Amino acid sequence: RVLIPKRVEVDGEILRMRTTSASTGVIKTLVGADDRFLGFSMIGQDAAELVAVVQTAMMADLPYTALRDAILTHPTTAEGLNALFGKIPSGRLRQA
């Protein structure tokens, strides 16, 4: 069982984007029923940095909740991961 991809529009949900006046971009992820990453993509400012963060989590076989619950530096684009992953209920909740 796979979750429907979740998406965050960059404008308004990522504070770092406001401070740099970046107004376009999208972050998307696909998470499996076991809370593990199946995919991640971003188009926009600082995309390479966020992809590297999620890639590291994927290589370590961490669930998305590890990044969702992390305290990320403010203001950075990485804070967008909290906004994105905060919209996904954990597998334990989805299966209840």
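A brief structural summary. Every value quoted in this text rests on a predicted model; they were computed, and no experiment measured them. Counting starts from 1 at the beginning of each chain's written sequence and moves along it residue by residue. Where local features are concerned, this predicted model is filtered to residues with pLDDT of at least 70; where side-chain atom pairs are given and counted, the filter is 80 or more; whole-chain, interface and lining totals use all residues. Heavy atoms throughout the structure, all of them, feed into the side-chain values; hydrogens and water do not.

### Focus: the overall build of the protein chain
Helical segments are the DSSP runs of H or I of at least four residues, strand segments are the runs of E of at least two, and each set is numbered from the N terminus. Counting secondary structure elements, the protein chain contains six helices and three strands. Overall, the protein chain shows an N-to-C arrangement of helices and strands of β-α-α-β-β-α-α-α-α. Residue burial is assigned from relative accessible area. The probe radius is 1.4 Å, only protein chains are included, and a residue is buried under 20% of its type maximum, exposed over 50%, and partly exposed in between. Considering the protein chain as a whole, with its 96 residues, one finds that 36% of them fall into the buried category. Residue contacts are defined here by distance: any two heavy atoms, one from each residue, within 4.5 Å place the two residues in contact. Here the contacts in the protein chain between residues at least 6 apart in sequence split such that 54% fall between residues at least 24 apart. Areas reported as accessible are Shrake-Rupley estimates using a 1.4 Å probe. Residue values count occlusion only from the protein chains shown. Carbon and sulfur atoms form 56% of the exposed surface of the protein chain, whose accessible area is close to 5500 Å².

### A few points about the nonpolar core
Judged by nonpolar contacts, the single largest core of 19 residues is most densely connected at F40 and F85. Put simply, the parts of the chain that give this core at least two residues each are β2 (25-31), β3 (37-44), α3 (47-59), α4 (64-68) and α5 (79-85). Counting residues per element, this core draws most heavily on α3, which supplies four residues. We define the nonpolar core as a collection of buried residues of types Ala, Val, Leu, Ile, Met, Phe, Trp, Tyr and Cys that are connected through side-chain atoms lying within 4.5 Å of one another.

### Observations regarding the pattern of salt bridges
A side-chain nitrogen of Lys or Arg and a carboxyl oxygen of Asp or Glu constitute a salt bridge if their distance falls within 4 Å. If you walk through the whole model with that rule in mind, you get two salt bridges. Across the pair R36 and D61 runs a salt bridge whose closest N-O atoms are separated by 3.4 Å. With R36 in the loop between β2 and β3 and D61 in the loop between α3 and α4, the pair connects residues that are 25 residues apart, well separated along the chain.

Shape descriptors only; they carry no functional weight alone.
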